[in-house]
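# Summary of the model geometry
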Amino acid sequence: SRRCAITKYDAPGAPPDSTYFISINNRDQILGSYFDESFDAFHFILDHGVATPFELPASAGATTVTAQTLNDLGQIVGYYTDAAGATHGFLARP
């Protein structure tokens, strides 16, 4: 069996046991998320120990956002739901 080093991480301001990682790119940037006490999801990019929140612009009209992956250019793809209940894919570029 292979042995791995494990690093635990909790996003700043996240309740205990609510942080999870979604994707990592070749630049060691990690796309992550956590849920608050109301079960609202918040996404972030962890870049060498610094967590930066990730949100879609208000103009998207998103009521829920699900980020799926982060590539080596820092682009994020995922989907969101708007107030009418319609689901839309997105590509977010830094």
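Residues numbered from 1 in each chain as written. Predicted model: local features only at pLDDT ≥ 70, side-chain atom pairs only at ≥ 80, totals over all residues. Heavy atoms only, no water.

Let us look at the overall build of the protein chain. When its secondary structure is counted, the protein chain shows zero helices and seven strands. Along the protein chain, from the amino end to the carboxyl end, the secondary structure elements read β-β-β-β-β-β-β. Along the three orthogonal principal directions, the C-alpha set of the protein chain runs to about 50 × 30 × 25 Å. Looking at the protein chain residue by residue over its 94 residues, the buried ones come to 33%. Here the analysis covers contacts within the protein chain between residues at least 6 apart in sequence; of these, 23% occur between residues at least 24 apart. For the protein chain, the accessible area works out to roughly 6600 Å², and carbon and sulfur atoms hold 53% of it. When the 5 basic and 10 acidic side-chain charges of the protein chain are each reduced to a single mean position, those positions are 16 Å apart. (Helix = DSSP H or I, 4+ residues; strand = E, 2+ residues; numbered from the N terminus. Buried < 20%, exposed > 50% of the residue type's maximum accessible area, 1.4 Å probe, protein only. Contact = heavy atoms within 4.5 Å. Areas by Shrake-Rupley, 256 points an atom, 1.4 Å probe, with all protein chains shown as cover. Lys, Arg positive; Asp, Glu negative; His and termini not counted. Charge placed at Lys NZ, Arg CZ, Asp CG, Glu CD.)

Further remarks concern the side chain of Ser 33. Turning to its location among the elements, Ser 33 is positioned in strand β2 (residues 29-35). Looking at Ser 33, its side chain comes within polar contact range of the main-chain oxygen of Phe 42, at 3.0 Å. Filtering out sequence-adjacent residues up to four positions away, Ser 33 remains in contact with Ser 18, Thr 19, Tyr 20, Ile 22, Ala 41, Phe 42, His 43 and Phe 44. (Polar contact = N/O pair within 3.5 Å; in protein donor to acceptor, adjacent residues only side chain to side chain.)

Another point: the packing of aromatic side chains. Across all of its chains, the model carries six aromatic pairs by this definition. Here the aromatic cluster, defined as three or more aromatic residues joined through ring pairs, consists of Tyr 9, Phe 21 and Phe 44. (Phe/Tyr/Trp six-rings, centres within 6.5 Å; stacked < 30°, edge-to-face > 60°.)

Glancing now at unusual backbone geometry. Of note, Asp 17 is a non-glycine position whose phi angle comes to about 60 degrees, a positive value. By relative accessible area, Asp 17 is classed as exposed at 78%. At Asp 28, a residue that is not glycine, the phi angle is positive and equals roughly 60 degrees. Mapping Asp 28 onto the fold places it in the loop between β1 (19-24) and β2.

Strand order in the open sheet made by the four strands is β1-β2-β3-β4, with antiparallel pairing throughout. Only two strands of the sheet have a single partner each, and these edge strands are β1 and β4 (50-54). Pairwise comparison of adjacent strand axes, ignoring direction, gives a mean angle of 30 degrees for this sheet. As paired strands, β1 and β2 are joined by five bridges and run antiparallel to one another. Note that in β2 the partner of Phe 21 across the bridge is Gly 32. (Pairing = 2+ DSSP bridges. Axes fitted to C-alpha atoms, helices over the stretch in contact; angles between N-to-C directions.)

In this section: the side chain of Ser 23. Among the structural elements, Ser 23 can be located in strand β1. Classification of Ser 23 as buried rests on a relative accessible area of 12%. Side chain to side chain, Ser 23 and Thr 69 meet in a polar contact 3.0 Å long. Separated by 3.3 Å, the side chain of Ser 23 and the backbone nitrogen of Leu 70 make a polar contact.

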